[in-house]
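One-letter residues, chain by chain:
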Amino acid sequence: MSTLSIQLDNILININIYYLSAICFFGIIGNFLNILVFSQNTLKNTGCSLYFISLSIVHLIVLFIPCFTQIIFSITGFDIALHSLFWCKFFVYFLFNGIFLSRYYICLISIDRWLVTSLHARIRQMSNLSVIRRILLITTTIWLIFNIHSSIGFTLKNNICDASIDSFYSIFYLILSLISTLVSFFILILFTTLTLIRLLKKNVMNKHTPHINLIELNERNNNLPIQIPNVQQQRISNHNFQLIKLSLIQVLSYIIINSPKAIHGIYLFSTRNSKKSSKQLAIDNFIGRITTILLYTHCAITFYIYTLASITFRRQFFLLCRRIRQYILTIIHH
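Calculation rules
Residues numbered from 1 in each chain as written. Predicted model: local features only at pLDDT ≥ 70, side-chain atom pairs only at ≥ 80, totals over all residues. Heavy atoms only, no water. Salt bridge = Lys/Arg side-chain N within 4 Å of Asp/Glu carboxyl O. Buried < 20%, exposed > 50% of the residue type's maximum accessible area, 1.4 Å probe, protein only. Patch = residues over 30% accessible without salt bridge, like charges linked within 9 Å, V, L, I, M, F, W, Y side chains within 5 Å. Areas by Shrake-Rupley, 256 points an atom, 1.4 Å probe, with all protein chains shown as cover. Helix = DSSP H or I, 4+ residues; strand = E, 2+ residues; numbered from the N terminus. Polar contact = N/O pair within 3.5 Å; in protein donor to acceptor, adjacent residues only side chain to side chain. Contact = heavy atoms within 4.5 Å. Core = buried A, V, L, I, M, F, W, Y, C linked by side-chain atoms within 4.5 Å. pLDDT = per-residue confidence, 0-100. Expected span 1.5 Å × (residues − 1). Bend = angle between axes of the 7 residues up to and from the residue. Phe/Tyr/Trp six-rings, centres within 6.5 Å; stacked < 30°, edge-to-face > 60°.

### Structural notes on the pattern of salt bridges
Next up, step 1: Summed over all chains, the structure comprises two salt bridges.
Next up, step 2: The shortest N-O distance in the salt bridge between Lys276 and Asp284 comes to 2.7 Å.
Next up, step 3: Classification of Asp284 as buried rests on a relative accessible area of 8%.

In C-alpha cells:
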C-alpha cells in the first residue's frame with residue numbers, strides 16, 4: 001500500500017469518526033421527528049405525507065445500517081465487509097437500495113405536488129391516498145427485487161468489497177447508477193418547475209379574487225372532486241406556496257449533494273479502459289467514498305430543511321413538542 005493511500009485512508013477514518021458520527025446521530029433523530037410530524041392529524045390525511053414518511057424510513061435504514069456500521073468499523077479498525085462475502089453483499093444491498101429508493105421517493109413527492117395543484121379532478125384523484133398506498137407497495141417491492149443485482153454483482157477481491165473492474169457488471173453498475181441519478185435530476189427539475197409555474201400563474205391571474213384554499217380542501221377531502229363554483233378563478237393560498245418552497249429547497253439540496261456522485265460516476269465510466277497507477281486508484285477510491293458520505297449527509301438533513309423551509313412543518317413540529325411535553329408532565333404527576 002502506497003504512502004498516499006495510507007494518508008487518504010487516515011483522512012477517511014477521521015471523517016467517519018467525527019463528521020459521519022454527527023451526521024448519523026442528528027440524521028436518525030431528524031428522520032424519527034419527520035415520521036412523527038407527518039403522522040399528525042393535520043398532515044397524515046394528505047397523500048404526500050405517505051411519501052415523506054416512506055422517505056424518512058428509507059433514510060433511517062441507510063443511517064442505521066451502512067452509515068452506522070461504517071462508523072463502528074472506523075473506530076474499531078475492523079471492517080467485517082472486507083473479510084466476509086455475506087456482509088459485503090449485505091451492506092451493498094442496503095446502501096444501494098437506500099440511495100435508490102430515496103431518489104425515487106423524492107421524485108414521487110415532486111410529481112405529487114404537481115398532481116395535487118391541478119384544477120382537474122381526474123388528475124387530482126391520482127394523488128388519492130389509496131392510489132399512493134398501492135404505488136408505494138407495488139413499486140417498492142419491484143425495486144427491492146430488481147436491486148438484488150447489487151448483492152449478486154459485488155464480491156470480495158483482495159480484501160476489497162466492490163464490483164470487479166474487468167467484469168460486465170461493473171459497467172452495468174456504473175451505467176445504472178449514472179442513469180438513476182441523471183433521470184432523478186430531470187424529473188425533479190421538470191415537475192418542480194411545472195408546479196411553480198402553475199401556482200405563480202394562478203396567483204398572478206387571480207390575485208384580486210376571493211381567497212379559497214382549493215388545494216388544501218382537496219387534500220383534506222382525500223383528493224376527491226370538490227364542487228366549488230368558478231374553480232378557475234380561485235387564488236392559491238400561501239400554504240401551498242410553502243409546499244412549493246419546501247419542494248424547491250429540497251430539489252436544490254438534492255442536486256447539490258448528489259452532483260459530485262454523478263460527476264464521479266461519469267469520470268469512472270469514461271476512464272474505465274484507462275490504465276491507472278496505484279496512486280490514481282487510491283485517489284479515485286477516496287473521492288468515491290467522499291461522495292458516498294455526501295449521500296449519507298442528504299439522508300440526514302431532510303428534517304432540518306423542512307423546518308427551515310416550511311412554516312406549516314414548523315407549526316406541526318412545535319405542536320408535536322407541546323403534546324410530548326404535556327404527555328410527560330401527565331406521567332410525572334400521576
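Back to the text.
### Points about a nonpolar patch on the surface
Next up, step 1: Together, Leu36, Ile324, Tyr327, Ile328, Leu329, Ile331 and Ile332 give the surface a local cluster of nonpolar side chains, amounting to about 670 Å² of exposed area.
Next up, step 2: Top contributing element to the nonpolar patch by residue count: helix α13 (residues 311–333), with six residues.

### Regarding the side chain of Asn147
Next up, step 1: Position of Asn147 among the secondary structure elements: in the loop between α6 (129–146) and α7 (148–153).
Next up, step 2: Of the polar contacts made by the side chain of Asn147, one reaches the side chain of Asn97; its length is 2.9 Å.
Next up, step 3: Beyond its immediate stretch of four places on either side in the chain, Asn147 contacts Tyr93, Phe96, Asn97 and Phe100.

### Some details on the nonpolar core
Side chains of a nonpolar character, in soluble globular proteins, are inclined to be buried together.
Next up, step 1: Counting 52 residues, the largest nonpolar core has Phe38, Phe52, Cys67, Tyr105 and Tyr306 as the members making the most contacts within it.
Next up, step 2: Considering every element that reaches this core, the biggest residue donor is helix α3 (residues 47–76), with 11 residues.

### Description of the confidence of the model for the protein chain
Next up, step 1: Put simply, the protein chain has an average pLDDT of 80, and 84% of its residues get 70 or more.
Next up, step 2: Within the model, pLDDT remains below 50 along residues 210–217, and this stretch shows 23 contacts once partners closer than five positions in the same chain are excluded.
Next up, step 3: Within the model, pLDDT remains below 50 along residues 225–237, and this stretch shows 36 contacts once partners closer than five positions in the same chain are excluded.

### Points about the environment of Leu85
Next up, step 1: If you trace the backbone, Leu85 turns up in helix α4 (residues 85–116).
Next up, step 2: Overall, Leu85 belongs to the partly exposed group, its relative accessible area being 40%.

### Observations concerning α6
Next up, step 1: Across its 18 residues, α6 extends 25 Å between first and last C-alpha, which sits within 8% of the 26 Å expected from 1.5 Å per residue.
Next up, step 2: Contacts from the buried residues of α6 go to α2 (41–44), α3 and α4.

### Considering helix α1 (residues 3–38)
Next up, step 1: Between its first and last C-alpha atoms α1 spans 49 Å; for 36 residues at 1.5 Å apiece the expected length is 52 Å, and the two agree.
Next up, step 2: The largest bend along α1 reaches roughly 35° and is located at Leu20.

### Quick look at the environment of Leu319
Next up, step 1: With respect to the helices, strands and loops of the structure, Leu319 is situated in helix α13.
Next up, step 2: The exposure class of Leu319 is partly exposed, given its relative accessible area of 25%.
Next up, step 3: For the pair Leu319 and Val37, spaced 282 residues apart in sequence, the C-alpha to C-alpha distance is 9.0 Å.

### Focus on the packing of aromatic side chains
Next up, step 1: Per the counting criterion, the structure on display carries 31 aromatic pairs.
Next up, step 2: Here Phe38 and Phe52 contribute two aromatic rings whose centre-to-centre distance is 4.5 Å and whose plane-to-plane angle is 0°, an arrangement assigned as stacked. Here Phe38 is found in helix α1, whereas its partner Phe52 is found in helix α3, with 14 residues between them in sequence.
Next up, step 3: Judged by its relative accessible area of 6%, Phe38 is buried.
Next up, step 4: The class for Phe52 is buried, based on a relative accessible area of 7%.
Next up, step 5: What links up through ring pairs into an aromatic cluster is the set Phe96, Phe100, Tyr104, Tyr105, Trp143, Phe146, Phe154, Tyr169, Phe172 and Tyr173.

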